[in-house]
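So the chains spell out like this:
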Amino acid sequence: MRKIIYILALCTFLVSCELETSGNKELDGYWQMNQVDTLSTGGVADTREALIYWGVQGKLLQIRFSETGKYLGEGLLFRFERTSNTLNLSSPILHHLYETDEPVDDVEVLKPFGIYQLEEVFSIIELNDKSMVLDNGVLRLHFRKY
C-alpha cells in the first residue's frame with residue numbers, strides 16, 4: 001500500500017511539473033562584445049579589452065561591464081523581443097548593486113554599449129551557438145558566445 005501511495009505521489013508531481021523554456025534558442029547565454037563597426041565611416045574598433053558582456057535569459061537582457069577584470073556594481077537591464085531577424089530592446093534600467101535601480105531616460109548612458117535609442121531595434125545579421133552580429137543602422141556589434 002505504501003508503494004502505491006509513493007507511486008501516485010510521484011506521478012502527480014511529474015504531471016504537475018511544467019518545463020518552461022524561453023524560446024530564445026541560441027540567443028540565450030552570455031555574450032562578449034568583441035568588435036564594433038561604425039557603418040558611416042567604415043571604422044572598426046576592437047572592444048575585447050573593454051570587457052562588455054550581454055547576458056540573455058527569458059525576456060531579460062543584462063549588460064555588464066568590467067574594468068581591469070573587476071566587475072563594477074552597475075549594469076543595464078532591458079526587456080527584449082526577438083523575431084526571426086530583429087532584436088528589439090526596451091525599458092532600460094540602470095542596475096545598481098547596493099542602491100535602488102533607476103529607469104534610464106538619457107540615451108547617452110547607453111551609447112558606450114552600442115545602443116543609440118531608448119527603444120533600440122537591431123537587425124540580426126548572424127546568430128548561432130558561437131557568434132552574434134547585430135546592426136542598428138549606426139553600428140554593427142560583433143559578439144562571441146562566452
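Residues numbered from 1 in each chain as written. Predicted model: local features only at pLDDT ≥ 70, side-chain atom pairs only at ≥ 80, totals over all residues. Heavy atoms only, no water.

**Brief notes about the packing of aromatic side chains**
Logical step 1: Applying the stated criterion across every chain yields a total of six aromatic pairs.
Logical step 2: Ring geometry for Trp 54 and Phe 122: centres 6.0 Å apart, planes at 65°, overall edge-to-face. In this pair, Trp 54 sits in strand E3 (residues 52–57) while Phe 122 sits in strand E8 (residues 120–127), placing the two residues 68 residues apart along the sequence.
Logical step 3: Ring pairs connect the aromatic residues Tyr 30, Tyr 53 and Tyr 146, which therefore count as one cluster.
Logical step 4: It is Lys 59 that lies over the ring of Phe 80; its NZ or CZ is 6.0 Å from the centre. (Phe/Tyr/Trp six-rings, centres within 6.5 Å; stacked < 30°, edge-to-face > 60°. Helix = DSSP H or I, 4+ residues; strand = E, 2+ residues; numbered from the N terminus. Lys NZ or Arg CZ within 6 Å of the ring centre and 35° of its normal.)

**A word on the nonpolar core**
Logical step 1: Formed by 28 residues in total, the largest nonpolar core has its most connected members in Trp 54, Ile 63, Leu 87 and Leu 89.
Logical step 2: At the level of secondary structure, the elements contributing two or more residues to this core comprise strand E1 (29–38), E3, strand E4 (60–67), strand E5 (70–82), strand E6 (86–96), E8, strand E9 (131–135) and strand E10 (139–145).
Logical step 3: In this view, Ile 63 contacts Ile 52, Tyr 53, Trp 54, Gly 75, Leu 76, Phe 78, Phe 113 and Ile 115; residues no more than four positions away in its chain are not counted. (Core = buried A, V, L, I, M, F, W, Y, C linked by side-chain atoms within 4.5 Å. Buried < 20%, exposed > 50% of the residue type's maximum accessible area, 1.4 Å probe, protein only. Contact = heavy atoms within 4.5 Å.)

**Focus on a negative patch on the surface**
Logical step 1: A surface patch of negative charge is lined by Glu 74, Glu 99, Asp 101, Glu 102, Asp 105 and Asp 106.
Logical step 2: Take Glu 102: it is sitting in strand E7 (residues 102–103).
Logical step 3: In this structure Glu 102 comes out as partly exposed when scored by relative accessible area, which is 37%. (Patch = residues over 30% accessible without salt bridge, like charges linked within 9 Å, V, L, I, M, F, W, Y side chains within 5 Å. Areas by Shrake-Rupley, 256 points an atom, 1.4 Å probe, with all protein chains shown as cover. Salt bridge = Lys/Arg side-chain N within 4 Å of Asp/Glu carboxyl O. Lys, Arg positive; Asp, Glu negative; His and termini not counted. Charge placed at Lys NZ, Arg CZ, Asp CG, Glu CD.)

**A closer look at the side chain of Glu 120**
Logical step 1: Within the fold, Glu 120 resides in strand E8.
Logical step 2: Among buried charged residues, Glu 120 stands out as having no salt bridge; its nearest opposite-charge side chain is Lys 111, 9.4 Å away.
Logical step 3: A polar contact of 2.6 Å, which involves the side chain of Glu 120, links it to the backbone nitrogen of Tyr 116.
Logical step 4: A distance of 3.3 Å separates the side chain of Glu 120 from the backbone nitrogen of Gln 117, its partner in a polar contact. (Polar contact = N/O pair within 3.5 Å; in protein donor to acceptor, adjacent residues only side chain to side chain.)

**Some details on the pairing of E8**
Each regular strand displays side chains that alternate between the two surfaces of the sheet.
Logical step 1: Bridge analysis of E6 against E8 gives four bridges, and the strand direction is antiparallel. Bridge pairing in E8 links Thr 86 to Ser 123.
Logical step 2: As paired strands, E8 and E9 are joined by four bridges and run antiparallel to one another. Across the sheet, residue Glu 126 finds its bridge partner in E9, namely Val 133. (Pairing = 2+ DSSP bridges.)

**Observations concerning the confidence of the model for the protein chain**
Logical step 1: Here the protein chain averages 84 in pLDDT, while 80% of its residues score no lower than 70.
Logical step 2: Across the protein chain, E9 holds the top mean pLDDT of 98, while helix H1 (residues 2–16) sits lowest at 50.
Logical step 3: For the stretch residues 13–20, pLDDT sits under 50, and the model shows zero contacts to residues farther than four places along the chain or on other chains. (pLDDT = per-residue confidence, 0-100.)

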